[in-house]
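The residues making up each chain are set out below.
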Amino acid sequence: VRNKPDPISIAACVDIGGTKALLGLIDRQGNILAREMFYVNAEYQPATLAVELADRMRSLADQYNLDWKRVCGVGYSTTGMMDVENGIIFTSPNQGGWRDINYGHILEDSFKLPARIEMDANAAALGESWLGVGKKNNPFILLIVGTGIGAGILIDGNILRGWRGTAGEIGHMCIHPDGPPCNCGGRGCLESLASGPAITLQARQLLNEGRVSSLMKPFQSNLLTTPIIFDAARQKDPLALEVIEYCVDALSIGMTNIIHLLNPKMIAIGGGVGLGGADLLLEPIRLAISRRVGPWVDFAGTHIVPAQLGNDAGLYGAAWLVWNHIDQVKIFN
Ligand SMILES: [Zn+2]
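Quantities reported herein were computed from a predicted structural model and do not represent experimental measurements.

Colleague: Can you help me understand the sheet that holds strand 9 (residues 140-145) in this one?
Modeller: Strands sit in the order 11-10-9-12-13 across an open sheet of five strands; the sheet is mixed. The open sheet has two edge strands, strand 11 (158-159) and strand 13 (303-306), and neither has a second partner. The pairing of strand 12 (residues 266-270) with strand 13 spans four bridges and is parallel. Each bridged residue has a counterpart across the sheet, and for Met 266 the counterpart in strand 13 is His 303.

Structure follows, in structure tokens:
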């Protein structure tokens, strides 16, 4: 059963994170008409989760007096490795037991609507490009700096995927070959130098050397987090500033590599660390890149900006999937 798309159509949008699922009903202009959040865990079986999502989405529509007949498709953003064209999730860190699941079909069964899936960083980049900071910027890169580091890369409005769909792993670009070990098995990857865990690790190492810092107390109470380190840097704590410098150094090398490789019009920085520390990171990053880029780069015309849509970027991207792929409407600019 397919509801016919029309100007008042609604997209049913899901963004699944490590612990939370965001649900949204979004119209073609990009207005979130209704939204809900609920907690998910790794125990969910594929069909159980899909049925729960469909039930919750229908209740959400009822609650906001939205006619379910207006809903014309499902957009689903998640972490993991997947075949987006065929709707297959190979593995997902959020749902540890899932292997080679045709989640597109499972969603279509439970919603009785066409469904599209997308990797979370790509969905967020699509959202930012449709309604956020990325509008009319091509190529556009959303660099997400949080617990890990990832990216969505849009060239002429198309996601850069590579031949097996694994392109864009900017977090595993090697910055310092002798740097700290990374989750991927390598050393000195951008993620091992500038992600949230990398930043707190760097601070802990300096504190272990016995350095004087306002961070010693939270460190000894095992409460050291990136927001606390950022706050200390704002208070000009020398150790915290040194950690920021270390992070800026790694990010600016990585971003210079990206600029040399792809000549983006814009790199937007999102994620908990990227946005939480934007006031500390962005200007120093711009300055460091300006010193590193080759003379052929028009760096003055290259925008390095904070992402705009925050936690909603993935939901907007999921809506864009529905409008672009299911409704066949080219709304990309
Ligand atoms: Zn790595």
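Colleague: Would you mind showing me how to read the packing of aromatic side chains here?
Modeller: Both the distance between ring centres and the angle between the ring planes are used here to describe each pair of aromatic rings. Tallying each qualifying case throughout the model produces two aromatic pairs. Ring centres 5.1 Å apart and planes at 55° place the aromatic pair Tyr 76 and Tyr 103 in the tilted group. Of this pair, Tyr 76 sits in strand 4 (residues 71-78) while Tyr 103 is found in helix 2 (residues 103-111), placing the two residues 27 residues apart along the sequence. Tyr 103 sits in the buried class, given a relative accessible area of 0%. Considering the side-chain rings of Trp 98 and Tyr 103, the 4.8 Å spacing of their centres and the 45° angle between planes classify their relative orientation as tilted. Judged by relative accessible area, which is 3%, Trp 98 ranks as buried. One aromatic cluster is present, built from ring pairs that chain together Tyr 76, Trp 98 and Tyr 103. Just above the ring of Trp 323 sits the side chain of Arg 28; from NZ or CZ to the centre is 5.7 Å. Across the ring face of Trp 163, the terminal group of Arg 164 is positioned such that the distance to the ring centre comes to 5.4 Å.

Colleague: I tried to follow the sheet that holds strand 1 (residues 10-16) on my own but got confused; where do I start?
Modeller: Strand pairing in a sheet takes place through backbone hydrogen bonds and is either antiparallel or parallel in direction. Strand order across the open sheet formed by five strands is 3-2-1-4-8, with mixed pairing between neighbours. A strand with exactly one partner marks an edge of an open sheet, and here the two such strands are strand 3 (32-39) and strand 8 (115-119). Pairs of neighbouring strands in the sheet enclose a mean axial angle of 15°, with direction left out of account. Sheet topology note: the strand 2 (residues 20-27)/strand 3 ladder contains seven bridges and is antiparallel. Residue pairing for strand 3: Leu 23 is matched across the bridge by Glu 36.

Colleague: Sorry, what's going on with the pattern of salt bridges here?
Modeller: One side chain can pair with another of opposite charge once the charged atoms of both are near each other. Taken as a whole and assessed by the stated rule, the structure comprises 10 salt bridges. Among the salt bridges present, the one from Arg 56 reaches Glu 52, with a minimum N-O distance of 2.7 Å. Taken as a pair, Arg 56 and Glu 52 lie in helix 1 (residues 46-63) at a separation of four residues, close to a single helical turn. Arg 56 gets classed as partly exposed once you look at its relative accessible area, which sits at 27%. Residue Glu 85 is joined to Arg 116 by a salt bridge in which the shortest nitrogen-to-oxygen separation is 3.5 Å. Highlighted residues: Glu 85 in the loop between strand 5 (81-83) and strand 6 (88-91) and Arg 116 in strand 8, separated in sequence by 31 residues. Looking at Glu 85, the relative accessible area reads 56%, which means it is exposed. What emerges from the salt-bridge pattern is a single network uniting Glu 36, Glu 52 and Arg 56.

Colleague: What am I meant to see in unusual backbone geometry here?
Modeller: Backbone geometry follows two general trends: most residues other than glycine have a negative phi, and most peptide bonds adopt the trans configuration. The omega angle of the peptide bond from Asn 138 to Pro 139 is -5°, so this bond is cis rather than trans. Position of Pro 139 among the secondary structure elements: in the loop between helix 3 (120-131) and strand 9. The residue Lys 136 is not glycine, and still its phi comes out positive at about 60°. Residue classification places Lys 136 among the exposed positions, given a relative accessible area of 67%.

Colleague: Would you mind showing me how to read the environment of Gly 97 here?
Modeller: Of note, Gly 97 is situated in the loop between strand 6 and strand 7 (101-102). Taking the C-alpha atoms as reference, Gly 97 lies 36 Å from Phe 230; in sequence the two are 133 residues apart.

Colleague: Before we go on, may I ask you to explain the state of the cysteines in this structure?
Modeller: Formally, a disulfide is one covalent bond, and it connects the sulfur atom of one cysteine to the sulfur atom of another. Applying the stated rule across the entire model yields zero disulfides. In this structure Cys 13 is not part of a disulfide, and its nearest cysteine sulfur, from Cys 72, lies 9.8 Å away. Among the residues examined, Cys 13 registers a relative accessible area of 0% and is labelled buried.

Colleague: Before we go on, may I ask you to explain the coordination of the zinc ion in this structure?
Modeller: A metal bound by six donors in octahedral fashion has ideal angles of 90 or 180 degrees, whereas one bound by four tetrahedral donors has an ideal angle of 109.5 degrees. At the metal site, the zinc ion is ligated by His 172 (ND1), Cys 182 (SG), Cys 184 (SG) and Cys 189 (SG), and these contacts range over 2.0 to 2.3 Å. In this structure, the zinc ion is surrounded by four donor atoms whose angles at the metal cover 103 to 124°, and the resulting shape is tetrahedral. In the primary structure, the donors to the zinc ion are separated according to the pattern H-x9-C-x1-C-x4-C. The partly exposed category is assigned to Cys 184, whose relative accessible area is 47%.

Colleague: Help me out: how do you make sense of the nonpolar core in this one?
Modeller: Nonpolar side chains tend to gather and get buried jointly when the protein is soluble and globular. By size, the foremost hydrophobic cluster in this structure holds 49 residues, and its most contacted members are Leu 251 and Met 255. Residue contributions to this core peak at 12 residues, all from helix 8 (residues 238-262). In this structure, Ile 10, Leu 23, Val 74 and Met 82 belong to the second largest nonpolar core, which totals 35 residues.

About the criteria used
- Residues numbered from 1 in each chain as written.
- Predicted model: local features only at pLDDT ≥ 70, side-chain atom pairs only at ≥ 80, totals over all residues.
- Heavy atoms only, no water.
- Pairing = 2+ DSSP bridges.
- Helix = DSSP H or I, 4+ residues; strand = E, 2+ residues; numbered from the N terminus.
- Phe/Tyr/Trp six-rings, centres within 6.5 Å; stacked < 30°, edge-to-face > 60°.
- Buried < 20%, exposed > 50% of the residue type's maximum accessible area, 1.4 Å probe, protein only.
- Lys NZ or Arg CZ within 6 Å of the ring centre and 35° of its normal.
- Axes fitted to C-alpha atoms, helices over the stretch in contact; angles between N-to-C directions.
- Salt bridge = Lys/Arg side-chain N within 4 Å of Asp/Glu carboxyl O.
- Disulfide = S-S within 2.5 Å.
- Donors = N, O, S within 2.8 Å, 3.2 Å for Na, K, Ca; no water.
- Tetrahedral: all angles 85-135°; square planar, octahedral: opposite > 155°, others 65-115°.
- Core = buried A, V, L, I, M, F, W, Y, C linked by side-chain atoms within 4.5 Å.

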